[in-house]
Amino acid sequence: MNNDAPAWWNLLDDQAAAVARMISQALPRPIRELGPVHARALMNTAPPAEPITPLDHVEQLTVPTRAGAIGARLYRADSATSSRATPALVYLHGGGFVLGTLDGADELCRAIAAGSGWTVVSLDYRLAPENPYPAALEDCVDAFAWLTRTAPERGIDPARIAVGGDSAGGNLAAALCLHRRGSALPVAQVLAYPAVDDTFTAPSWSEFADAPLLSAADARWCWEQYVGAEHPGGDHLAAPMRAESLRGLPPTLIMTAEVDPIRDDAEAYAARLRGEGVPVSLTRFTGVFHGFVTEVGVFAQAKQAIDQVCLYLREIARA
């Protein structure tokens, strides 16, 4: 570390510090200056030719929605015919509502399917700014309802479908649960550093303003692409922390990164859920920054997080 390095640099472990240097070298300008098209070209990468976690069954799906259709990918560890339907996790990738693809979450979904025994269905929801709020949420709401209706023909138990996501996907997962409150809820929500507040006032927004991968300024820019610069705020389906009540939501697993502007918001959401009677498991992963969970094979903490998700899902299935 040089004398000009930010104070948070010493919090990163050696692995994370090396990756942070690589990111700074790979991005010629901040995401907000690159714009959606150029940022996608640089950051939306294809998965390796040989996946880290091979699976027996990976299937491309087309999911009908009110706006037409979206793509999806189904992962199952065992393709053998079974008389017993599996539980399923609907997974929503991150990317600030602007970036992200099925391929970017591919290794994570493979690892969860292999480690948990659950079927994983990853959704390719519409992105902003071309499709601003509430387009992505509507895609997720419609896809969840579709999977519930068609679950038996896919070997899935319709009564045991959970939802999860990272970053923007965590926001959408939390919003989906709020949207379905009063009807058939997901059996659980799994949220990795979810973007749940639109006030940007928690201490971590200042402490980690220039953190790797996601700076505070880039996060604000992504939010504006999603909701629009003139959005008044306060909409709980856009920012779940704004909900008047969180009571009645499903059991929740929340994971955060130590060096992340979103960290305090996500942990405050966990505290509020717990305070309103929702069973919550919260883990802060030290030494890493935003986005670590999808970096399978890169961060040791990614494996730890995936192991925790798989254990959590197995416990939910047993319950």
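Placed above this text is the structure.
Just so it is clear, the model here is predicted, and its values are computed rather than measured.

Draft legend 1. Geometry of the overall build of the protein chain. Helices and strands together make up the secondary structure of the protein chain, namely 9 helices and 8 strands. Its C-alpha atoms give the protein chain a radius of gyration of 18 Å, near enough to 20 Å, the size a compact globule of 319 residues would have. Expressed as lengths along the three principal axes of its C-alpha atoms, the size of the protein chain is roughly 60 × 45 × 35 Å. Looking at the protein chain residue by residue over its 319 residues, the buried ones come to 55%. Summarising the internal contacts of the protein chain: among those between residues at least 6 apart in sequence, 75% fall at separations of at least 24. When the accessible surface of the protein chain is totalled, it reaches about 13100 Å², and 51% of it is carbon and sulfur. Charged side chains in the protein chain number 25 positive and 37 negative. The centres of these two groups are separated by 6 Å.

Draft legend 2. Molecular detail of unusual backbone geometry. Each neighbour pair has its own omega, and for Ala128 with Pro129 the value is 5°, a cis peptide bond. That bond from Tyr133 to Pro134 is cis: its omega, 10°, falls within 30 degrees of zero. Among the structural elements, Pro134 can be located in the loop between strand E4 (119–124) and helix H4 (135–150). Of note in this structure, Phe97 is not a glycine but carries a positive phi near 70°. Its location among the elements puts Phe97 in the loop between strand E3 (86–92) and helix H3 (106–116).

Draft legend 3. Quick peek at the sheet that holds strand E5 (residues 156–166). Here 8 strands make up an open sheet; going across it, the order is E1-E2-E4-E3-E5-E6-E7-E8 and the pairing mixed. The open sheet has two edge strands with one neighbour each: strand E1 (57–65) and strand E8 (280–289). Sheet twist, expressed as the average angle between the axes of neighbouring strands with direction ignored, equals 20°. When E3 meets E4, the two strands line up parallel, connected through 5 bridges. Residue Val90 lies in a different strand from E4, and its bridge partner there is Val121.

Draft legend 4. Local environment of helix H8 (residues 263–275). For H8, with 13 residues, the first-to-last C-alpha span of 18 Å sits near the 18 Å given by 1.5 Å per residue. Gly277 occupies a position one or two residues after H8 and carries a positive phi of about 90°.

Draft legend 5. Seen up close, the pairing of E3. In terms of burial, E3 is a largely internal element, 7 of the 7 residues being buried. Here 6 bridges tie E3 to E5, and the two strands are oriented parallel to one another. In the strand pairing of E5, Leu89 is matched with Ala162.

Draft legend 6. Region of interest: the side chain of Asp260. Relative to the assigned elements, Asp260 resides in the loop between strand E7 (252–259) and H8. This buried residue, Asp260, is left without a salt bridge; Arg263 holds the nearest opposite charge, at 8.0 Å. A distance of 2.7 Å separates polar atoms of two side chains, one belonging to Asp260 and the other to His290. In this structure Asp260 touches Tyr193, Ser204, Phe208, Leu214 and His290, once residues within four positions along its chain are discounted.

Draft legend 7. Structural view of the packing of aromatic side chains. Enumeration over the complete set of coordinates arrives at 9 aromatic pairs. Arranged with centres 3.7 Å apart and planes meeting at 5°, the rings of Phe97 and Tyr226 form a pair that is stacked. One end of the pair, Phe97, is in the loop between E3 and H3; the other, Tyr226, is in helix H7 (residues 216–227), and 129 residues separate them in sequence. The same class applies to Phe97 and to Tyr226, which are both buried. Geometrically, the ring pair formed by Trp223 and Tyr226 is edge-to-face, given 5.9 Å between the ring centres and 65° between the ring planes. Pair noted here: Trp223 and Tyr226 are both in helix H7, with a separation of 3 residues, about one helical turn. Each member of the pair Trp223 and Tyr226 is classed as buried. By the ring-pair criterion, three or more aromatic residues cluster together here, those being Phe97, Tyr133, Trp223 and Tyr226.

Cut-offs used in this document
- Residues numbered from 1 in each chain as written.
- Predicted model: local features only at pLDDT ≥ 70, side-chain atom pairs only at ≥ 80, totals over all residues.
- Heavy atoms only, no water.
- Helix = DSSP H or I, 4+ residues; strand = E, 2+ residues; numbered from the N terminus.
- Rg over C-alpha atoms; globule rule 2.2 N^0.38 Å.
- Buried < 20%, exposed > 50% of the residue type's maximum accessible area, 1.4 Å probe, protein only.
- Contact = heavy atoms within 4.5 Å.
- Areas by Shrake-Rupley, 256 points an atom, 1.4 Å probe, with all protein chains shown as cover.
- Lys, Arg positive; Asp, Glu negative; His and termini not counted.
- Charge placed at Lys NZ, Arg CZ, Asp CG, Glu CD.
- Pairing = 2+ DSSP bridges.
- Axes fitted to C-alpha atoms, helices over the stretch in contact; angles between N-to-C directions.
- Expected span 1.5 Å × (residues − 1).
- Salt bridge = Lys/Arg side-chain N within 4 Å of Asp/Glu carboxyl O.
- Polar contact = N/O pair within 3.5 Å; in protein donor to acceptor, adjacent residues only side chain to side chain.
- Phe/Tyr/Trp six-rings, centres within 6.5 Å; stacked < 30°, edge-to-face > 60°.

These values are about where atoms sit, not about what they do.
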